[in-house]
Amino acid sequence: MTDLANPEQLLFASTTQTFLEKQASLTHVRGLQASGVSFQPEWWQRAAELGWTSLLVPEDLGGGSVSGDGVADLALIAEQIGKTVAPGPLHPVSVVLAGLVEAPDGHQDSIEALVAGEVVASWAAYEPRRPFAPLDASGLTTTATRTDDGYRIDGVKDRVEAGAESGAVLVVALCDGEIRQFLVPTDAAGVSITPQKSVDMVKSYARVEFDGVQVPGAAVVGTAEQTPAIIERQRQVAVLLQCAETVGILDAVLAMTTQWLGDRHSFGRPLSSYQALKHRAADMKMWFEACRATTAGAVAAVSSRSPDAAKLVSVAKAYVAERAPVILQDCVQLHGGIGVTWEHDLHLYLRRVALYRAMFGSPEDHHRAIYQLSRKTEVPA
């Protein structure tokens, strides 16, 4: 994931890093939080102009990637974002595009607007008071009812990232007993949005209610047969982006902590000279490299659409989401008293790691998924 294969990819990574350092620094994040703003639309449009939104979109739909591997390039951006816990709707927009490009008929204009950064869209997959399980029909209470000229959407979704800033949401609903997805404009009659707070400084979420919302037949994404595979693709992209960003967070925090241990002295010696702290630093470095390796494996599998992609994505999320909070807490402790102050930047990283641990399945959820996917069929005696 972090290996740059060609000069174009190297330039892309360098341009992304420079953009984030200048326009999405930790100071910028604190300023957005103080003003109650999640991200600035003009900032997101500049990010789109850098190519962030086009990576999962084929060229015939107006997209493309610098390396020819859009998933790897997108993971690279997510990793860079993690180093400054930058704002912006990269995750929800990418997940929606991952679904739309699988069945683009009737949605070409929406794809074009998302790629241009003119519109933000988000995935409305969570049901209130229920865990993340978009392919579990028994837990779906949001419904789509056929009408003479389209569908009527009724129900409630919550934990919709950037819901208040989105111009459309991709809604998972039950239609005629089958799971389907519908692209619904947020300004449609019957749609109401209530902001929800999160532990993160700038990541915003929302509760979206649909009360008899009328949408045309073209709002549906894919056929009933295609929908499970499309949703699974979106799930993989969503989890992969979390893991990639967390790797960037760990990279930045470990560098920060290593610098601190070298600069801070106790009894006339730098903290980094104490054997016990060396061992802790070595453990964290080992865990970090394992996080990076499992994420790289997931990126490669999703990119190639490997049959093992679902399992490898769950392996990455189970490991990264389990280890990252432990590493962050150790870094806080190694900083001493200053590490638990509002002024220090460590808590900005810890907040996002805590958020990502919970979203799109906890480590425990993914451990169970790995077990199910790894079970071997019993050979008859």
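Analysis parameters
Residues numbered from 1 in each chain as written. Predicted model: local features only at pLDDT ≥ 70, side-chain atom pairs only at ≥ 80, totals over all residues. Heavy atoms only, no water. Core = buried A, V, L, I, M, F, W, Y, C linked by side-chain atoms within 4.5 Å. Buried < 20%, exposed > 50% of the residue type's maximum accessible area, 1.4 Å probe, protein only. Contact = heavy atoms within 4.5 Å. Axes fitted to C-alpha atoms, helices over the stretch in contact; angles between N-to-C directions. Helix = DSSP H or I, 4+ residues; strand = E, 2+ residues; numbered from the N terminus. Parallel < 35°, antiparallel > 145°, perpendicular 65-115°, else oblique. Left-handed = near helix turned anticlockwise from the far one by under 90°. UniProt positions renumbered as here; feature names shortened; annotations may be inferred. Salt bridge = Lys/Arg side-chain N within 4 Å of Asp/Glu carboxyl O. Domains from an automatic or database assignment. Buried area = accessible area lost by both parts, 1.4 Å probe. Polar contact = N/O pair within 3.5 Å; in protein donor to acceptor, adjacent residues only side chain to side chain. Expected span 1.5 Å × (residues − 1). Pairing = 2+ DSSP bridges. Phe/Tyr/Trp six-rings, centres within 6.5 Å; stacked < 30°, edge-to-face > 60°. Lys NZ or Arg CZ within 6 Å of the ring centre and 35° of its normal.

Core analysis: the largest hydrophobic core is formed by 100 residues, its most contacted members being Trp44, Trp52 and Trp123. For Trp52, the contacting residues outside a window of four places in its chain are Phe12, Thr16, Phe19, Leu20, Trp43, Trp44, Ala47, Leu74, Ile77, Ile81 and Leu90.

The contact between helix H4 (residues 70-82) and helix H7 (residues 227-263) brings their axes to 6 Å, and the two run at 40°. Judged by the inter-axis angle, H4 sits oblique to H7. Our pair here, H4 against H7, has a crossing hand that is right-handed. Contact residues: Val71, Leu74, Ala75, Ala78, Glu79, Ile81 and Gly82 in H4; Arg233, Val237, Leu240, Leu241, Ala244, Glu245, Val247, Gly248 and Ile249 in H7.

Turning next to the UniProt feature "domain: Acyl-CoA dehydrogenase/oxidase N-terminal" (unreviewed entry) in the protein. Mapped onto the present numbering, the UniProt feature "domain: Acyl-CoA dehydrogenase/oxidase N-terminal" (unreviewed entry) falls on residues 7-88. Secondary structure across residues 7-88 comprises 60% helix and 0% strand; the distance between its end C-alpha atoms is 27 Å.

Annotation from UniProt places "domain: Acyl-CoA dehydrogenase/oxidase C-terminal" (unreviewed entry) at residues 241-369. Helix makes up 78% of residues 241-369 and strand 3%, and the two end C-alpha atoms of the span are 18 Å apart.

Bringing the pattern of salt bridges into the picture now. For the structure shown, the criterion picks out 17 salt bridges. Between Arg146 and Asp176 there is a salt bridge; the shortest N-O distance is 2.6 Å. With Arg146 in strand E2 (residues 143-147) and Asp176 in the loop between strand E4 (168-175) and strand E5 (178-185), this residue pair connects regions lying 30 residues apart in the sequence. Arg146 sits in the partly exposed class, given a relative accessible area of 47%. The exposure class assigned to Asp176 is exposed, which follows from its relative accessible area of 55%. For Lys285, the salt bridge is made with Glu289, and the minimal N-O distance between the two is 2.8 Å. Pair noted here: Lys285 and Glu289 are both in helix H8 (residues 275-304), with a separation of four residues, about one helical turn. Lys285 gets classed as partly exposed once you look at its relative accessible area, which sits at 44%. Counted as one network, the salt bridges with shared partners bring together Asp200, Glu245 and Arg352.

Let us look at the domain arrangement of the protein. The domains assigned to the protein are domain 1 (7-116), domain 2 (121-223) and domain 3 (227-377). Between the C-alpha centres of domain 1 and domain 3 the distance comes to 21 Å. On the side of domain 3, 28 residues touch domain 1, which itself brings 25 residues to the contact. Both sides of the domain 1 and domain 3 interface together cover about 2200 Å² of buried area, and 66% of this is carbon and sulfur. Summed over the shared surface of domain 1 and domain 3, the result is eleven residue pairs in polar contact (both at pLDDT 80 or more).

Here the focus is H8. The end-to-end C-alpha distance of H8, which contains 30 residues, comes to 44 Å, matching closely the 44 Å that a straight helix rising 1.5 Å per residue would cover. Buried within H8 are the following residues: Leu277, Met284, Trp287, Phe288, Cys291, Thr295, Ala298, Val299, Ala301 and Val302. Phi for Arg305, located one or two positions after H8, is positive at around 55°.

Attention now moves to the pairing of E2. The pairing of E2 with strand E3 (residues 150-161) spans five bridges and is antiparallel. The residue bridging Thr145 from the neighbouring strand is Arg152, located in E3. Counted between consecutive antiparallel strands, the loop separating E2 from E3 contains two residues.

Moving on, we come to the packing of aromatic side chains. The tally for this structure, following the rule as stated, stands at ten aromatic pairs. Seen in terms of ring centroids, Trp123 and Phe360 are 6.3 Å apart; in terms of plane orientation they differ by 25°. Their pairing is stacked. Remark: Phe360 occurs in the loop between helix H10 (346-358) and helix H11 (363-374) and Trp123 occurs in strand E1 (residues 121-124); sequence separation between them is 237 residues. Phe360 shares its class with Trp123; the two are buried. Residues Tyr126 and Phe132 carry aromatic rings whose centres are separated by 5.3 Å and whose planes lie at 50° to one another, so their mutual orientation is tilted. Here Tyr126 matches Phe132 in class, with each residue buried. Directly above the aromatic system of Trp287 lies the positively charged group of Arg323, at a separation of 4.4 Å from the ring centroid.

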